[in-house]
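# Secondary and tertiary structure notes
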Amino acid sequence: MDTAPQLLAAAGDRVKRVSDRVAVHAVQADAGEDSLVEALERAGAPVQADLVFAAFVVHHLPDQLAGLRRLAKLVRPGGRLAVVEFGLETRVLPPDVGLGEPGLEARLIAGREDWFRQMRAEMTGSVRLPIGWGKALSEVGLAEVRSWSYLVDRPAPVSGAARQAVLRRLQFLRRDAENRVGAADLAALDQLLDESGEHYAGNRDDVYYLTANTVHLGTRP
């Protein structure tokens, strides 16, 4: 599930390359609205499937439990809903980058978590989800709920796609850091993102990419 037309098109193209026996229906619909099923029907797409897969989607919905309930209705009896959400925070920097005080990344992550809390609080119609994801899947009527995590580990020195992922992560943290961390930390991060500077993260041999995400799976009775 995604909202970007480019990603929907890319997913469809990838499926077609893998198999010519799979029909792809790219549908832009909002899992936060009760009109989700109607949107699928209008597009000529099946309204139920053996597997509904939602990666990093549900935490964006105002009422996450209601969103899970809508997604569960798209699952055929005996089918499964798989929800992927963040497990451990992504880490890309050594504890001391030589700029400002040690512990820069930890403070940036704290700023990111504060941004997310504020974003949820200010979202129209926001409803808290005071339970874990596995419990939430059970609450919407799914059975045989289980969870597992997977690790993405790209040790230093990184190159190619892994290096680009490191830089995107730092840019992501910079976006959410404004007014949430001190000026010295912002200045240090800007130096790490300055392609023409001597401290550019893209030229360092000690950055890495380490993260863990969790899959939560439930079966519709």
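The structure this text deals with has already been given above.
Here is a short report on the structure shown in this document. (Residues numbered from 1 in each chain as written. Predicted model: local features only at pLDDT ≥ 70, side-chain atom pairs only at ≥ 80, totals over all residues. Heavy atoms only, no water.)

## Focus: the environment of asparagine 213
This is how it is decided: In DSSP terms, a helix is any run of H or I states spanning at least four residues, a strand is any run of E spanning at least two, and both are numbered starting from the N terminus. Contacts: residue pairs with any heavy atoms within 4.5 Å of one another.
Along the chain, the position of asparagine 213 falls in strand β4 (residues 209-219). Note: C-alpha distance between asparagine 213 and serine 149 (64 residues apart in sequence) is 5.4 Å. With residues near it in sequence (within four places) discarded, asparagine 213 still touches Phe56, Val84, Glu85, Phe86, Gly87, Trp148, Ser149 and Tyr150.

## Side note on unusual backbone geometry
Cis rather than trans, the peptide bond between alanine 156 and proline 157 has omega equal to 0°. In this fold, proline 157 is placed in the loop between β3 (143-154) and α6 (160-177). Positive phi is not limited to glycine here, since phenylalanine 56 has a value of about 55°. The residue phenylalanine 56 is located in the loop between β1 (49-55) and α3 (64-73) in this model.

## Looking at helix α4 (residues 104-122)
Our working rule: Helix span, as expected, comes to 1.5 Å for every residue beyond the first. Relative accessible area decides the class of each residue, using a 1.4 Å probe on protein chains only: under 20% of the type maximum gives buried, over 50% gives exposed, and in between gives partly exposed.
In a regular helix each residue adds 1.5 Å, so 19 residues correspond to 27 Å; α4 covers 27 Å between its end C-alpha atoms and thus fits that length. Listing the buried residues of α4 in full gives Leu104, Glu105, Leu108, Ile109, Gly111, Arg112, Met119 and Arg120. Where α4 is buried, its residues touch α3, β2 (75-91), α6 and α7 (183-193).

## Focus on the sheet that holds β2
One key point about sheets: their strands pair by backbone hydrogen bonds, in either a parallel or an antiparallel sense. Quick reminder of the rule: Only strands that DSSP links by at least two bridges are regarded as paired with each other. Axis definition: a line fit to C-alpha positions, over the contact stretch in the case of helices; interaxial angles, taken between N-to-C directions, run 0 to 180 degrees.
Within the open sheet, the 4 strands sit side by side as β1-β2-β4-β3. Their pairing is mixed. Two strands close off the open sheet at either side, each with one partner strand: β1 and β3. Strand-to-strand twist in this sheet, taken as the mean axis angle between neighbours without regard to direction, amounts to 20°. Bridge count for β1 against β2 is 6 bridges, and the pairing is parallel. In the strand pairing of β2, valine 52 is matched with leucine 81. Each of β1 and β2 is contacted by α3, which is oriented at about 140° to β2, the strand it contacts most.

## Re the pattern of salt bridges
Put simply, the test is: Definition used for salt bridges: Asp or Glu carboxyl oxygen within 4 Å of a side-chain nitrogen of Lys or Arg.
Inspection of the entire model under this criterion finds 12 salt bridges. With a shortest N-O distance of 2.8 Å, arginine 169 and glutamate 89 are connected by a salt bridge. Placement of the pair is arginine 169 in helix α6 and glutamate 89 in strand β2, with a sequence separation of 80 residues. A relative accessible area of 10% means that arginine 169 is categorised as buried.

## Notes on the environment of alanine 106
Residue position: alanine 106 is located in helix α4. For alanine 106, a relative accessible area of 38% gives the class partly exposed. For alanine 106 and asparagine 203, which are 97 residues apart along the polypeptide, the C-alpha to C-alpha distance reads 22 Å.

## Describing the packing of α4 against α7
To characterise two packed helices, one gives the angle between the axes of the helices and the distance between these axes. As a reminder of what qualifies: Our angle categories are set so that under 35 degrees counts as roughly parallel, over 145 as roughly antiparallel, 65 to 115 as roughly perpendicular, and the remainder as oblique. Here the nonpolar group is Ala, Val, Leu, Ile, Met, Phe, Trp, Tyr, Cys and Pro; Asp, Glu, Lys and Arg are the charged ones; every other residue, Gly included, is treated as polar.
Contact geometry for α4 and α7: axes closest at 11 Å, N-to-C directions at 105°. Accordingly, the angle class assigned to the pair α4 and α7 is roughly perpendicular. Together, Leu104, Arg107 and Leu108 of α4 and Asp185, Ala188, Leu189 and Leu192 of α7 make up the contact between the two elements. A breakdown of the residues in the contact of α4 with α7 according to their chemical character gives 5 nonpolar, no polar and 2 charged.

In short, the description is geometric, and any link to function would need to be established separately.
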